[in-house]
Amino acid sequence: MAFRLSDEAIAEHNAPRLAWVEEDYAHLGRQLARRGVEIERLTERATAFRVAVPSWGVGTGGTRFARFAGPGEPRDVFEKLEDCEAILKLVRVTPGISLHVPWDEPQSPAELLAFARERGLFVDSMNSNTFQDQPGQELSYKFGSLTHTDEAVRRQAVAHNLHCLELGAKLGARSHTVWIGDGGNFPGQLHFRRALERYLESLRAIYSALPAGFRLFIEHKLYEPAFYSTVLNDWGTSYYCTRELGERAFSLVDLGHHAPNTNIEMIVARLIQFGKLAGFHFNDSKYGDDDLDAGAIKPFQLFLVFNELVDAELEGVPGFDPSYMLDQSHNVTDPIESLVTSAVELVRAYVQAQLVDRGALREAQRRNDALGALQALKQAFTTDVSPLLAMARRRAGGAIDPVAAYRASGYRRSKAEERPAGERRGAGIV
Ligand code: RM4
Ligand code: MN
Ligand code: MN
């Protein structure tokens, strides 16, 4: 029998911590009341927050230099979902899962669906993979996939995406995310305009096969694996393409896919304004696509992103319905601990953004009071909402201190025994 984190174990871990949380929560409630904020309303918002966990994130990642495997890594998609269940139990905001095909290709979609449902999980987004060659694959993606100069390669890459759509429909997914590694390493290698034309032609074929209710997300990235140019390099190009494709195509923002110092919150505002924001691959970075844990490096940036999202939510911008997903690579931490912590950091940024005194901010903007405007944001950002987050989790059955509860549970130790190393069954980059 596979070890599972139980509600009872979490409640037991919470018990000695509860009195302190209640005291801190009451204090925060009084503090917020002075600012005209009703804490219970905010706690409800925190409870309702959702972010999807990437199946590829529960395994240990690596760099192009090395991968240092951790104990008890999941060896297939079912074991990945076991770990996703543990994350959900601890934080209670992550029932959605992003799957990566072919890494997560199930023999029986029905069996996988039942396995997920039994654990309170559902498939949120499908992700195709044409950035790697797979065993037995006929044509290589070394020089591109959906934008390859050879039509036969493009056809093969489109066919793979159509397969993902079919599988996604069986699994009850709601969106399909396309990220390609296509690009050039040297000036002159790619004809920029032709390559983008080929991209659009391939994406049109995928778009036209979208199952009912599906949305298509395309993900831009300025470099890597191509080091000189990528075909879908920035949000402007992405926006152009989603407009060309149609109303069910949206532009996905992966926080790590921009040059350092890019004003990402402004990109978010633009995409909201143009009705094309798909949602996010949340992570954090110092230099590039580092895939570090959300909020680990630039928590203020994360807050500013959520400030735009909450502003749109409160204003009721028509059609505003972004998907929140994590996309991280855990090279030196226990992936479950990282994903749990990141989920908590996202709820934190979301709640803090709810705390912005929008009236004061608008007034400061109207009077061109730059410092006053910043103060309105900083007051929200510097408010410690930890007791609220802990209370929201506890009320939903989650852990007051998720990482401590996880460590105390012995989950990883049990999995190390259940999943002996050397028996990995093709689980992708994990
Ligand atoms: C890429 C991109 C995609 C992710 C792959 C594994 O850099 O972020 O979203 O699926 O990594
Ligand atoms: Mn991504
Ligand atoms: Mn990435």
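Bear in mind the structure is a predicted one, so any value in this text is a computation, not a measurement.

1. Focus on the pattern of salt bridges
So, step 1. Counted under the stated rule, the structure contains 30 salt bridges.
So, step 2. Glu-85 serves as the salt-bridge partner of Arg-4, at 2.9 Å between the closest nitrogen and oxygen. One end of the pair, Arg-4, is in the segment before α1 (7–14); the other, Glu-85, is in helix α4 (residues 77–91), with 81 residues separating them in the sequence.
So, step 3. Assessed through its relative accessible area of 33%, Arg-4 is described here as partly exposed.
So, step 4. In this structure, Glu-151 and Arg-155 form a salt bridge, with 3.8 Å as the shortest nitrogen-oxygen distance. Of this pair, Glu-151 and Arg-155 both sit in helix α6 (residues 151–171), 4 residues apart, which is roughly one turn of the helix.
So, step 5. What makes Glu-151 partly exposed here is its relative accessible area of 45%.

2. Side note on the site of ligand 1
So, step 1. Every residue close to ligand 1 is listed here: Trp-56, His-100, Trp-179, Glu-219, Lys-221, Asp-254, His-257, His-281, Asp-289 and Asp-327.
So, step 2. At a separation of 2.7 Å, an oxygen atom of ligand 1 approaches a polar side-chain atom of Glu-219.
So, step 3. Contact between ligand 1 and Asp-289: an oxygen atom at 3.1 Å from a side-chain N or O atom of the residue.
So, step 4. Counting atoms within 2 Å of the grid points, the majority share of ligand 1 lands in the largest pocket.
So, step 5. For the shell around ligand 1, the class distribution of residues is 2 nonpolar, 3 polar and 5 charged.

3. Some thoughts on the environment of Phe-214
So, step 1. Mapped onto the fold, Phe-214 is located in the loop between α7 (192–207) and β6 (215–219).
So, step 2. For Phe-214, a relative accessible area of 3% corresponds to the buried category.
So, step 3. Spatially, the C-alpha atom of Phe-214 lies 8.4 Å from that of Ala-169, the residues being 45 residues apart in sequence.
So, step 4. Those residues in contact with Phe-214 that sit more than four places away from it in its chain are Leu-165, Gly-168, Ala-169, Ala-173, Arg-174, Ser-175, His-176 and Arg-248.

So, how was this worked out
- Residues numbered from 1 in each chain as written.
- Chains lettered and ligands numbered in written order.
- Predicted model: local features only at pLDDT ≥ 70, side-chain atom pairs only at ≥ 80, totals over all residues.
- Heavy atoms only, no water.
- Salt bridge = Lys/Arg side-chain N within 4 Å of Asp/Glu carboxyl O.
- Helix = DSSP H or I, 4+ residues; strand = E, 2+ residues; numbered from the N terminus.
- Buried < 20%, exposed > 50% of the residue type's maximum accessible area, 1.4 Å probe, protein only.
- Near = heavy atom within 4 Å.
- Polar contact = N/O pair within 3.5 Å; in protein donor to acceptor, adjacent residues only side chain to side chain.
- 1 Å grid on protein atoms, 1.4 Å probe; cavity = no way out; pocket = protein on both sides within 12 Å on 5 of 7 lines; lining within 4 Å.
- Sits in = over half its atoms within 2 Å of the grid points.
- Nonpolar A, V, L, I, M, F, W, Y, C, P; charged D, E, K, R; others polar.
- Contact = heavy atoms within 4.5 Å.

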